[in-house]
Amino acid sequence: QGENVLFLVTNFISTAQQAQGTCPESPSVLDAMCTEDADCPMGNPVIHGNGIKTGRCVMFNATCSTCEIYGWCPVENNTLPRKPLLAEAENFTLFIKNTVHFTKFNFSRCNTLQTSDPNYFKSCRYDPIFSPFCPVFRVRDMVEAAGETFGDLALLGGSVGVHIEWDCDLDRPAAQCQTQYSFSLQDKRYNFRTASYFWSSQHQLSRDLLKLYGIRFHISVQGQAGKFSIIPTAVSFGTSIAFFGAATIVCDLILLYLDAKADLYWKEKFEEVR
């Protein structure tokens, strides 16, 4: 068994911030809404917010007021574009190379076609019937195989599971040991934040905050193999015979000593000779 993770960025929000500032919290945070200073106890953190309350209730815009905070200012911008910024990522391809090795049988197998053509992997695309040994997958095809459309998943992010399964009967030719691929939708929302820090021209510590949305591919591999052997077969056969012998003894004990008609069964099973 094995697992791996790959993340493809399809959308992002960028916010330029400066440290040690005070600014109004975003009205999208419920705990930030206020009508007076008493609603913003100084020193309390904003729940699911961006900083610590200063004790003041300030105007965020002409329609609402929020608590002022200490922290990175201005606060994070949560306005997403209506379409993913990297919509062309649907035509990106993933090259997934996987090798399985069954040490007990000293058997190895790779999911790629053994070819001397240097252009094969540049032009081929995976198809379970016509091209099963091509490990090149188009992103849109993988998302659709998981039951989702690329545009919806790329806007707010998501997680797609890629399951690779090996089930090999080693009594057959090695060429029949092929991988089986399946795709599943694990989550319809996925994002994370990252920041780069620098000193501004005004000698203030600043940062560029990026909130990245994208598709997370969780690749898992499972495999099993089997081969006929006379020794395990003989052991299993002997165990079965022993089991049936023990079952006969248990049934006799129950019928002879525990059953209500034990006397009748005793007379039928044993013959008394005088």
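Residues numbered from 1 in each chain as written. Predicted model: local features only at pLDDT ≥ 70, side-chain atom pairs only at ≥ 80, totals over all residues. Heavy atoms only, no water.

In the annotation of an unreviewed UniProt entry, the chain is listed under the name p2X purinoceptor 6 and assigned to Acanthisitta chloris. Quoted verbatim from the Subcellular location (unreviewed entry) heading of the UniProt record, the comment on the chain is "Cell membrane". The Catalytic activity (unreviewed entry) field of the UniProt record for the chain holds the comment "Ca(2+)(in) = Ca(2+)(out)". (UniProt positions renumbered as here; feature names shortened; annotations may be inferred.)

Peer 1: Which residues make up the overall build of the chain, and what values do they have?
Peer 2: Tallying secondary structure elements over the chain gives 5 helices and 11 strands in all. Every one of the 274 residues in the chain was classed for burial, and the buried ones make up 34%. Of the roughly 17900 Å² of accessible surface on the chain, a fraction of 55% belongs to carbon and sulfur atoms. (Helix = DSSP H or I, 4+ residues; strand = E, 2+ residues; numbered from the N terminus. Buried < 20%, exposed > 50% of the residue type's maximum accessible area, 1.4 Å probe, protein only. Areas by Shrake-Rupley, 256 points an atom, 1.4 Å probe, with all protein chains shown as cover.)

Peer 1: How would you summarise the environment of Arg140 if you had to cite specific residues and measurements?
Peer 2: Structurally, Arg140 is set in helix H2 (residues 139–145). For the pair formed by Arg140 and Glu88, sequence separation is 52 residues and the distance between their alpha carbons is 9.9 Å.

Peer 1: Got a sec to walk through the pairing of strand E2 (residues 51–59)? Specific residues and values, please.
Peer 2: Bridge analysis of E2 against strand E3 (residues 65–73) gives 6 bridges, and the strand direction is antiparallel. Pairing of Ile52 across the sheet is with Tyr70, part of E3. Hairpin remark: E2 followed by E3, antiparallel, with 5 residues in the connecting loop. (Pairing = 2+ DSSP bridges.)

Peer 1: Lay out the state of the cysteines in plain terms, naming residues and giving numbers.
Peer 2: Taken as a whole and judged by the stated rule, the model has 4 disulfides. Residue Cys40 pairs covalently with Cys67 via a disulfide, S to S 2.0 Å. Every disulfide takes its handedness from the sign of the S-S torsion; for Cys40 and Cys67 that torsion is -85°, giving left-handed. On the criterion of sequence distance, the pair formed by Cys40 in the loop between strand E1 (2–24) and E2 and Cys67 in strand E3 is long-range, its members being 27 residues apart. A relative accessible area of 1% places Cys40 in the buried class. Under the relative-accessibility criterion, Cys67 is labelled buried at 0%. There is a disulfide in this structure between Cys124 and Cys134, and the S-S distance comes to 2.0 Å. (Disulfide = S-S within 2.5 Å.)

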